[in-house]
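Structural characterization, general
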Amino acid sequence: MRIKIIIFFTILNFNILNAETSSIDSNKIFKNLRCLICQGQSVADSNSEFAQTIKLVVRDQINDGKSEKEIYDFLIEKYGEWITYKPSLNKVNFVLWLLPYLVFIIGGVIVFLRFKKRDNR
Amino acid sequence: MQKKIIKLFILLLIVFVIGVFFIGLNKNSIYDTKGLVGQKITEIKLDHFSKNKIITVKDLSKNNFTLINFWASWCGPCRDEHPILLKLNKEKNLKLLGVNVKDKKNNALEFLKDFGDPYDDLARDELGKHSVNFGIYGIPESILINQDLIIIKKFIGPISKNDYNYIKDTVRKQ
């Protein structure tokens with residue numbers, strides 16, 4: 001009986017977790033979308049016709065079960081990479097993504113070498 | 001040796017930062033439609049303005065060229081381009097598909113009654129959602145496509161005389 005109860009709650013827990021992960025936060029997407037006809041405003045901040053339409057489209061796609069990536073891919077296909085504030089990693093911008101890590105690692109190596117040199121003295 | 005590495009690293013970092021600024025400041029940050037040209041329109045589902053019918057890609061592939069024009073009665077610049085659309089309607093190889101965006105039906109009909117109806121087919125996009133499929137972000141905008149449904153050119157804003165000449169030359173070459 002105990003085992004059955006444990007299995008029941010484990011399955012229930014899994015279902016709850018899956019339900020939570022599958023729900024997409026539309027506001028998060030709106031904040032990462034640029035309003036193309038506004039000055040420095042995201043779709044979330046803007047009340048322009050364009051922003052309102054994009055909000056409707058994004059909500060429709062969420063209701064249709066599309067993933068966050070599919071929604072971004074669709075909008076990038078129609079409006080270009082410029083529509084997103086946080087562009088995805090690709091061969092054009094990979095240096096910008098990797099640079100902070102490179103600087104961090106090289107900086108760490110320099111600091112380490114300096115300390116080592118000081119210790120040797 | 002170690003000092004040389006540090007100096008080289010700092011130098012490379014400075015060059016990189018200057019490079020990023022140089023490219024970033026010279027890059028045109030205004031949205032353009034270069035990416036759309038050459039793309040194929042794969043799916044269209046537009047409600048017909050007056051008939052109980054859905055306009056699909058099949059309807060467009062019947063025409064040699066189609067100019068999809070997004071307009072509304074409340075849009076001022078749409079009135080400016082209207083005489084050009086009426087002229088384009090006379091081109092044999094070109095069909096005009098009007099998409100009435102976020103408009104009241106009666107106002108749209110009145111607009112066409114007052115200024116003339118250049119469209120071979122008229123669709124309605126009440127909420128503007130279908131226009132997103134065409135990368136539309138304001139009206140008026142127009143898209144010239146060929147029989148293979150490839151986007152030849154996108155016109156942002158009202159169609160100018162130059163645009164008219166371009167469309168005329170393109171469709172007559174066929």
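Everything here concerns the structure above.
Summarised in this report is the structure supplied together with it.

The rules behind each value
- Residues numbered from 1 in each chain as written.
- Chains lettered and ligands numbered in written order.
- Predicted model: local features only at pLDDT ≥ 70, side-chain atom pairs only at ≥ 80, totals over all residues.
- Heavy atoms only, no water.
- Helix = DSSP H or I, 4+ residues; strand = E, 2+ residues; numbered from the N terminus.
- Buried < 20%, exposed > 50% of the residue type's maximum accessible area, 1.4 Å probe, protein only.
- Contact = heavy atoms within 4.5 Å.
- Areas by Shrake-Rupley, 256 points an atom, 1.4 Å probe, with all protein chains shown as cover.
- Pairing = 2+ DSSP bridges.
- Axes fitted to C-alpha atoms, helices over the stretch in contact; angles between N-to-C directions.
- 1 Å grid on protein atoms, 1.4 Å probe; cavity = no way out; pocket = protein on both sides within 12 Å on 5 of 7 lines; lining within 4 Å.
- Points joined across faces, edges and corners; volume = space filled by probe spheres on them.
- Nonpolar A, V, L, I, M, F, W, Y, C, P; charged D, E, K, R; others polar.
- Buried area = accessible area lost by both parts, 1.4 Å probe.
- Salt bridge = Lys/Arg side-chain N within 4 Å of Asp/Glu carboxyl O.
- Polar contact = N/O pair within 3.5 Å; in protein donor to acceptor, adjacent residues only side chain to side chain.

Here the focus is the overall build of chain A. A tally of helices and strands in chain A yields five helices and zero strands. When its helices and strands are written in sequence order, chain A yields α-α-α-α-α. Taken over 121 residues, chain A has a buried fraction of 26%. A fraction of 45% describes how many contacts in chain A between residues 6 or more apart in sequence connect residues 24 or more apart. Put simply, chain A shows about 9,000 Å² of open surface, and 62% of that area lies on carbon and sulfur atoms.

We now examine the sheet that holds strand β6 (residues 141–146) of chain B. Residue and element names in this part refer to chain B. A sheet is described by the order of its strands in space; here seven strands give the open sequence β2-β1-β5-β4-β3-β6-β7, paired in mixed fashion. The outermost strands of the open sheet, each flanked by one partner alone, are β2 (54–55) and β7 (151–156). Here strand β3 (residues 65–71) pairs with strand β4 (residues 94–101) via seven bridges, running parallel. In the strand pairing of β4, F65 is matched with L94. Here helix α3 (residues 76–88) sits on the sheet in contact with β3, β4 and β6, set at roughly 160° to β3. Contacting β3, β4 and β5 (121–125), helix α4 (residues 105–115) runs over the sheet at an angle of about 120° to β3.

Turning to the layout of surface pockets, a few remarks are in order. Of the volumes computed, that of the second largest pocket is approximately 590 Å³. Forming the boundary of the second largest pocket are 22 residues, of which A:Q61, A:F74, A:K78, B:E43 and B:N133 lie nearest the centre. Among the elements of the structure, α3 (49–63) and α4 (68–79) of chain A are those that each provide at least two residues to the lining of the second largest pocket. Top element by residues in the lining of the second largest pocket is α4(A). It accounts for four residues. Split by residue class, the lining of the second largest pocket holds seven nonpolar, five polar and 10 charged.

In many reports, interface size means the accessible area that the parts give up when they come together. Facing the 24 residues of chain A at the interface are 19 residues of chain B. For the pairing of chain A and chain B, the buried interface totals around 2,000 Å² over both sides, and the portion due to carbon and sulfur atoms is 68%. The interface formed by chain A and chain B holds two salt bridges in total. Summed over the shared surface of chain A and chain B, the result is six residue pairs in polar contact (both at pLDDT 80 or more). Going through the elements one at a time, α3, α4 and α5 (94–120) of chain A are the ones with two or more residues in the side of chain A that touches chain B. By residue number, the principal contributor to the side of chain A that touches chain B is α5(A), which donates nine residues. Taken together, the residues of the side of chain A that touches chain B sort by class into 17 nonpolar, one polar and six charged.

All quantities given are derived from atomic positions and should not be read as evidence of function.
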